[in-house]
Amino acid sequence: MAYIFITPTMLLFAVFTIIPVVMALYLSFTNYDILSRMDWVALDNYKRLFKDSLYWTTFVNVIYYSVIFIPLNILLSLGLAMLMNYKRFGVRLFRTFNYLPTLTSAVAAATVWIWLLHPEYGLVNGLLSEFGITGPAWLAQTETAMPSIIMVTLWQSIGSNMVIYIAGLQGVPDYLYESAKLDGASAFARFRYITWPQLRPTTFLISTLAIISALQLFDQAFVLTQGGPGNVTKTPVYLIYQQGFKQLQMGYASAQAFVLAVAILIFSLINMRINKAEEPVV
């Protein structure tokens, strides 16, 4: 009976995962451009890629994005989760409000933020002007373009991670806190020696998802800045999109995509290594 259920699953996995990956890998060794004949070029695409300064610039951009986005994502999500974990009247309503941005389409949310960050008519600069501060052109200046994208993606992502952290917090045994209180442990000590170690698997999950989403950043960069100004917000996925669908260099875009996939794997393994430690004592 198990064979009956496993076979369709394996078939679907092959059709929608393995076959497309193998075909994309094959295309990365060709000069496929949709319009002309596809020829085998061996490693030419990869040789070209390693000499492509723009491609590596996009990696620098997402690393800068990740260094700021990932720690803030973890800190803000955990802080909100701890605030929303108390059993108080109306807390479920506040949880819902914090989770709502996650349900919004990334493109729709970014479109709204274009107007909020407008240098002349935007709400953000309007509020700053009330305090006598002249706001910048958030999405048009090299100094503020990437921080603006970080702000928008944080606004949209911390709600879902907050829910994950709340689930983790509710899984921490109460007797650990009770024992710590009897021993006179402060609130900070309880967080440091009980809450944080118990949340290690949850933090590993959230940080891994954050790394993958950071390296695959596309929607916000595409809608808010279109990779500008001066390529400071252009990301690897955005460049792959341009190479494949605008310049029709599908073979070269496939090679870029596989290098990005390897980078995601490497950073995920590094994150696993950093988070690997002894299991907390329960």
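Our subject is the structure listed above.
The following paragraphs examine the structure supplied in this document. (Residues numbered from 1 in each chain as written. Predicted model: local features only at pLDDT ≥ 70, side-chain atom pairs only at ≥ 80, totals over all residues. Heavy atoms only, no water.)

### Quick notes on the overall build of the chain
Along the chain, the regular secondary structure elements total 13 helices and zero strands. For the chain, the N- to C-terminal ordering of α and β elements is α-α-α-α-α-α-α-α-α-α-α-α-α. Along the first, second and third principal axes, the C-alpha set of the chain runs to 75 × 70 × 35 Å. Residues counted as buried form 39% of the 282 residues belonging to the chain. Of the contacts made within the chain by residues no fewer than 6 positions apart, 67% connect residues no fewer than 24 positions apart. (Helix = DSSP H or I, 4+ residues; strand = E, 2+ residues; numbered from the N terminus. Buried < 20%, exposed > 50% of the residue type's maximum accessible area, 1.4 Å probe, protein only. Contact = heavy atoms within 4.5 Å.)

### What to know about the pattern of salt bridges
Under the definition given, this model contains one salt bridge. The partner of Arg37 in a salt bridge is Asp39, with the nearest N and O atoms 3.0 Å apart. (Salt bridge = Lys/Arg side-chain N within 4 Å of Asp/Glu carboxyl O.)

### Quick word on the layout of surface pockets
Here the largest pocket is characterised by a volume of approximately 670 Å³. Lining the largest pocket are 21 residues, and of these Met82, Asn85, Tyr86, Leu169 and Tyr177 sit closest to its centre. Looking at the lining of the largest pocket, the elements that each hand over two or more residues are helix H4 (91-103), helix H7 (145-170), helix H8 (174-182) and helix H9 (187-198). Along the lines of polarity and charge, the residues of the lining of the largest pocket split into nine nonpolar, four polar and eight charged. One number sums up the size of the second largest pocket: a volume of about 420 Å³. Secondary structure elements with two or more residues in the lining of the second largest pocket: helix H3 (53-84), H7, helix H10 (200-215) and helix H11 (219-225). Ranked by the residues each element gives to the lining of the second largest pocket, the list is headed by H7, at six residues. Across the lining of the second largest pocket, the residue classes break down as 10 nonpolar, 10 polar and one charged. (1 Å grid on protein atoms, 1.4 Å probe; cavity = no way out; pocket = protein on both sides within 12 Å on 5 of 7 lines; lining within 4 Å. Points joined across faces, edges and corners; volume = space filled by probe spheres on them. Nonpolar A, V, L, I, M, F, W, Y, C, P; charged D, E, K, R; others polar.)

### Side note on a nonpolar patch on the surface
Judged by side-chain polarity, Ile63, Val67, Val262, Ile266, Phe267, Ile270 and Ile274 come together as a nonpolar surface patch covering roughly 630 Å² of accessible area. At the level of secondary structure, the elements contributing two or more residues to the nonpolar patch comprise H3 and helix H13 (250-275). If you tally residues by element for the nonpolar patch, the top one is H13, at five residues. On the secondary structure map, Phe267 appears in helix H13. Phe267 sits in the partly exposed class, given a relative accessible area of 33%. (Patch = residues over 30% accessible without salt bridge, like charges linked within 9 Å, V, L, I, M, F, W, Y side chains within 5 Å. Areas by Shrake-Rupley, 256 points an atom, 1.4 Å probe, with all protein chains shown as cover.)

### Focus: H7
Think of an α-helix as turning once every 3.6 residues; residues three or four places apart then point the same way. Taking 1.5 Å of rise per residue, the 26 residues of H7 would be expected to cover 38 Å, and the 38 Å separating its terminal C-alpha atoms lies within 8% of that figure. Of all the bends in H7, the largest measures some 35 degrees and sits at Ser157. (Expected span 1.5 Å × (residues − 1). Bend = angle between axes of the 7 residues up to and from the residue.)

### Considerations on the environment of Gly168
Along the chain, the position of Gly168 falls in helix H7. A relative accessible area of 16% means that Gly168 is categorised as buried. Through-space distance from the C-alpha of Gly168 to that of Ala81 is 9.3 Å; in sequence the pair is 87 residues apart. Look past the residues within four positions of Gly168 in its chain and what remains in contact with it is Leu199 and Thr202.

### Let's talk about unusual backbone geometry
Of the consecutive residues Gly228 and Pro229, the connecting peptide bond is found in the cis state with omega at -10 degrees. Relative to the elements of secondary structure, Pro229 occurs in the loop between H11 and helix H12 (236-246). With a phi angle near 55 degrees, Gln226 is a residue other than glycine that sits in the positive phi range. Of note, Gln226 is situated in the loop between H11 and H12. For Gln226, a relative accessible area of 55% puts it in the exposed group.

### Quick word on the packing of helix H5 (residues 106-116) against H7
Closest axis-to-axis distance for the H5/H7 pair is 11 Å, and the angle between their directions is 130 degrees. What the angle tells us is that H5 and H7 run oblique. For H5 against H7, the interelement crossing comes out right-handed. Seen from H5, the contacting residues are Ala106, Ala109 and Trp113; seen from H7, they are Met151, Val152, Trp155 and Gln156. Here the residues of the contact of H5 with H7 are counted per class, giving six nonpolar, one polar and no charged. (Axes fitted to C-alpha atoms, helices over the stretch in contact; angles between N-to-C directions. Parallel < 35°, antiparallel > 145°, perpendicular 65-115°, else oblique. Left-handed = near helix turned anticlockwise from the far one by under 90°.)

### Observations concerning the nonpolar core
Among the nonpolar cores identified, the biggest contains 48 residues, and Tyr55, Tyr65, Phe69, Ile149, Tyr165, Leu224 and Leu260 are the most heavily contacted of them. Element by element, the count of residues in this core is highest for H3, at 11 residues. Ignoring sequence-local partners within four residues, the contact set of Leu224 consists of Ala110, Trp113, Ile114, Leu139, Ile149 and Val152. (Core = buried A, V, L, I, M, F, W, Y, C linked by side-chain atoms within 4.5 Å.)

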